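# Examining the three-dimensional arrangement
In case you want the letters, here they are:
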Amino acid sequence: LIPAIATYLVLHWLFHTVDGLLQPILQDRLRMHIPGLGILTLVLILYVVGLAEENYLGSRLFSIAKRLILRIPLIGFVYSSAKQLVDALSGSEGTGFKQVVMIEYPRKGTWTIGFLTANTADGEGNKMSIVYIPTAPTPNSGWITLIPSHEIRYTDLTIQAAMRLVLSGGIIAPEVMQISK
């Protein structure tokens, strides 16, 4: 019963939170409370915004708005950080994740999935790789490691497949994974 009750409580809270975003405005206009109308209106607004961004004029307007937002000191930082995180976690083009890799961690013979974000060198010219190690089931709370490049194993997994693997806690895993140095 506990999982069912927890699910109900989370969905109940989510429904009332999202519905409550637009419900006060709608109540003032309609002079009545209609449960769920706030969610329905929000979905409709998001759909219309998505359609607007698809056409040339809407795309240009959104581009201008994004540039303006990025110029505002604190808001621009939060917006750009959130956008980079969403892009990276969704595996969309231009993310910071270059490739899915494996590193030996937490001990020899045990491998951890990571995302190669960049390559660099230490002060002595040794090649180093910067790898983001996501935690399951919340990959946005991972950590960064700098590891000698020769210790990295490259996989054939796509970013999306690796994210499914991490988000599912390993339940959704590929049957075969090609690994190379």
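Scroll up to find the structure this text is about.
Before going into details, it helps to say that this report is about the structure given with it. (Residues numbered from 1 in each chain as written. Predicted model: local features only at pLDDT ≥ 70, side-chain atom pairs only at ≥ 80, totals over all residues. Heavy atoms only, no water.)

Another aspect to go through is the pattern of salt bridges. Across all of its chains, the model carries 2 salt bridges by this definition. Here Lys 108 ties to Glu 104 by a salt bridge, and the two come within 3.6 Å at their closest N and O atoms. Assessed through its relative accessible area of 68%, Lys 108 is described here as exposed. You can call Glu 104 partly exposed: its relative accessible area is 32%. (Salt bridge = Lys/Arg side-chain N within 4 Å of Asp/Glu carboxyl O. Buried < 20%, exposed > 50% of the residue type's maximum accessible area, 1.4 Å probe, protein only.)

Another point: the sheet that holds strand E2 (residues 111-121). Pairing in this open sheet of 6 strands is antiparallel, and the strands run E4-E3-E2-E1-E5-E6 from one edge to the other. Each having just a single partner strand, strand E4 (143-148) and strand E6 (179-180) make up the two edges of the open sheet. The sheet contact formed by strand E1 (residues 99-104) and E2 spans 6 bridges and is antiparallel. Among the inter-strand pairings, Val 101 is bridged to a residue of E2, identified as Gly 114. Relative to E2, helix H5 (residues 159-167) is tilted by about 135°, and along the sheet it contacts E1 and E2. (Pairing = 2+ DSSP bridges. Helix = DSSP H or I, 4+ residues; strand = E, 2+ residues; numbered from the N terminus. Contact = heavy atoms within 4.5 Å. Axes fitted to C-alpha atoms, helices over the stretch in contact; angles between N-to-C directions.)

The next point concerns the pairing of strand E3 (residues 127-133). Burial of E3 is extensive: 5 of the 7 residues sit out of reach of the surface. Where E2 and E3 come together, 6 bridges link them in antiparallel fashion. Looking at the pairing, Asn 119 lines up with Ser 129 of E3. Counted along the chain from E2 to the antiparallel partner E3, the turn is 5 residues long, and its residue Gly 125 has a positive phi close to 85°. Sheet topology places E3 next to E4; 6 bridges connect them, and they run antiparallel. When the bridges of E4 are listed, Ile 133 appears paired with Trp 143.

In terms of nonpolar packing, the biggest core is built from 12 residues, these being Phe 97, Val 100, Met 102, Ile 113, Phe 115, Tyr 132, Leu 157, Ile 159, Ala 161, Ala 162, Met 163 and Leu 165. Ranked by residues supplied to this core, first place goes to H5 with 5 residues. If we ignore the near neighbours within four places in the chain, the residues touching Val 100 are Ile 113, Gly 114, Phe 115, Tyr 154, Thr 155, Leu 157, Thr 158, Ile 159 and Ala 162. Grouped together as the second largest cluster of nonpolar side chains are 8 residues, Ile 103, Val 131, Ile 147 and Tyr 154 included. (Core = buried A, V, L, I, M, F, W, Y, C linked by side-chain atoms within 4.5 Å.)

This part takes up the packing of aromatic side chains. In total, this model carries 3 aromatic pairs according to the counting rule given. A centroid spacing of 5.8 Å and a plane angle of 20° characterise the contact between Phe 97 and Tyr 132, whose relative ring orientation is stacked. Here Phe 97 is found in the loop between helix H4 (73-90) and E1, whereas its partner Tyr 132 is found in strand E3, with 35 residues between them in sequence. Phe 97 sits in the buried class, given a relative accessible area of 11%. The class of Tyr 132 is buried, set by a relative accessible area of 12%. (Phe/Tyr/Trp six-rings, centres within 6.5 Å; stacked < 30°, edge-to-face > 60°.)

The subject of this paragraph is the side chain of Thr 41. Inspection of the secondary structure assignment puts Thr 41 in helix H2 (residues 37-54). Reaching out from Thr 41, the side chain makes a polar contact with the backbone oxygen of Leu 37 at a distance of 2.7 Å. Other than its neighbours up to four places away in sequence, Thr 41 contacts Leu 22 and Leu 26. (Polar contact = N/O pair within 3.5 Å; in protein donor to acceptor, adjacent residues only side chain to side chain.)

Attention now goes to the environment of Gln 99. Note on placement: Gln 99 falls in strand E1. The spacing of Gln 99 and Ser 168 is 69 residues in sequence and 20 Å in space, taken between C-alpha atoms. Each residue touching Gln 99, except ones within four places of it in the same chain, is listed here: Gly 114, Phe 115, Leu 116, Tyr 154 and Thr 155.

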